[in-house]
Amino acid sequence: MALFRHPLLAFYLPFAIAITASVQAVGVYLVFASLIFPALSAWHSQRPLLIAGAVGIAGYLSGLAASLWLDWPSGPAIVTTLAVAAILATVTRVIAARR
């Protein structure tokens, strides 16, 4: 299709549809925390994909574990642990850079 020949449109149109659907499914805080916290923790790092992936996986797994063990709602638990994982990754990276 001629509509998808432009590379930015081929990315942004499906991205917009996916974000809209996921916001309706799981909520705005969880979607945007999933987008922002890993990217923010990997900003200006040597290996941004590795750090962002690790923060995302650690945040989701620890949030789901906290939700299961502490009987918390899963959405707020995941958002909180994503924030904690992003802060820990950023602090660790800053301390390692000073050595």
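Residues numbered from 1 in each chain as written. Predicted model: local features only at pLDDT ≥ 70, side-chain atom pairs only at ≥ 80, totals over all residues. Heavy atoms only, no water.

A.B. asks: Would you mind showing me how to read the overall build of the chain here?
C.D. replies: Summing up its helical and strand segments, the chain has 4 helices and 0 strands in all. Helices and strands appear in the chain in the N-to-C order α-α-α-α. Against the compact-globule benchmark of 13 Å for 99 residues, the chain has a radius of gyration of 16 Å, which places it well outside the compact range. Each of the three principal axes of the chain carries a C-alpha extent, and together these read 50 × 40 × 15 Å. When the 99 residues of the chain are sorted by exposure, 22% land in the buried category. For the chain, contacts bridging at least 24 residues in sequence account for 44% of all contacts bridging at least 6. (Helix = DSSP H or I, 4+ residues; strand = E, 2+ residues; numbered from the N terminus. Rg over C-alpha atoms; globule rule 2.2 N^0.38 Å. Buried < 20%, exposed > 50% of the residue type's maximum accessible area, 1.4 Å probe, protein only. Contact = heavy atoms within 4.5 Å.)

A.B. asks: Please clarify how the packing of helix α1 (residues 7-26) against helix α2 (residues 28-41) should be interpreted in this entry.
C.D. replies: Axis angle and axis distance: for two packed helices, these are the angle between their axes and the distance between the axes, and together they describe the pair. Across the interface, α1 lies against α2 with an axial gap of 7 Å and an inter-helix angle of 135°. Considering the angle they form, α1 stands oblique to α2. Only Val-28, Leu-30, Val-31, Phe-32 and Leu-35 of α2 make contact with α1, whose side of the interface consists of Phe-15, Ile-19, Ser-22, Val-23 and Val-26. (Axes fitted to C-alpha atoms, helices over the stretch in contact; angles between N-to-C directions. Parallel < 35°, antiparallel > 145°, perpendicular 65-115°, else oblique.)

A.B. asks: Can you walk me through the packing of α2 against helix α4 (residues 74-98) in this structure?
C.D. replies: One way to put it is that α2 packs onto α4 with a least axis distance of 9 Å and a crossing angle of 5°. Of the possible angle classes, the one that applies to α2 and α4 is roughly parallel. When α2 is examined against α4, the residues Tyr-29, Leu-30, Ala-33, Ser-34, Phe-37, Pro-38 and Ser-41 are found in contact with a partner set consisting of Gly-75, Ile-78, Val-79, Leu-82, Ala-83, Ala-86, Ala-89, Thr-90 and Arg-93. Among the residues forming the contact of α2 with α4, the class breakdown is 11 nonpolar, 4 polar and 1 charged. (Nonpolar A, V, L, I, M, F, W, Y, C, P; charged D, E, K, R; others polar.)

A.B. asks: Help me out: how do you make sense of α2 in this one?
C.D. replies: Turn by turn, an α-helix covers 3.6 residues, leaving residues three or four places apart pointing in a common direction. Taking 1.5 Å per residue as the helical rise, α2 with its 14 residues ought to reach 20 Å, and the 20 Å between its terminal C-alpha atoms agrees with that figure. Inspection of α2 places Leu-30, Val-31, Ala-33, Pro-38 and Ser-41 among the buried residues, and these make up the whole buried set. Structurally, α2 contributes buried residues whose contacts are with α1, α3 (48-70) and α4. (Expected span 1.5 Å × (residues − 1).)

A.B. asks: Whenever I open this one, unusual backbone geometry confuses me. Can you help?
C.D. replies: For residues besides glycine, phi is generally negative; the peptide bonds are generally trans as well. Backbone geometry at His-44 places phi at a positive 60°, although glycine is not the residue there. Here His-44 shows up in the loop between α2 and α3. For Asp-71, which is not a glycine, the phi torsion comes out positive at approximately 60°. With respect to the element layout, Asp-71 can be found in the loop between α3 and α4.

A.B. asks: I tried to follow the confidence of the model for the chain on my own but got confused; where do I start?
C.D. replies: Detailed reading of the predicted model is not advised wherever pLDDT is low. When pLDDT is averaged along the chain, the result is 90, and 95% of the positions lie at 70 or above. Averaged pLDDT values over the elements of the chain bottom out at 84 in α1 and peak at 96 in α3. (pLDDT = per-residue confidence, 0-100.)

A.B. asks: Got a minute to help me understand α3 in this structure?
C.D. replies: For α3, which comprises 23 residues, the first-to-last C-alpha distance of 32 Å matches the rise-based estimate of 33 Å (1.5 Å per residue) to within 8%. As for α3, its buried residues are in contact with α2 and α4. Two residues or fewer after α3 comes Asp-71, characterised by a positive phi angle close to 60°.

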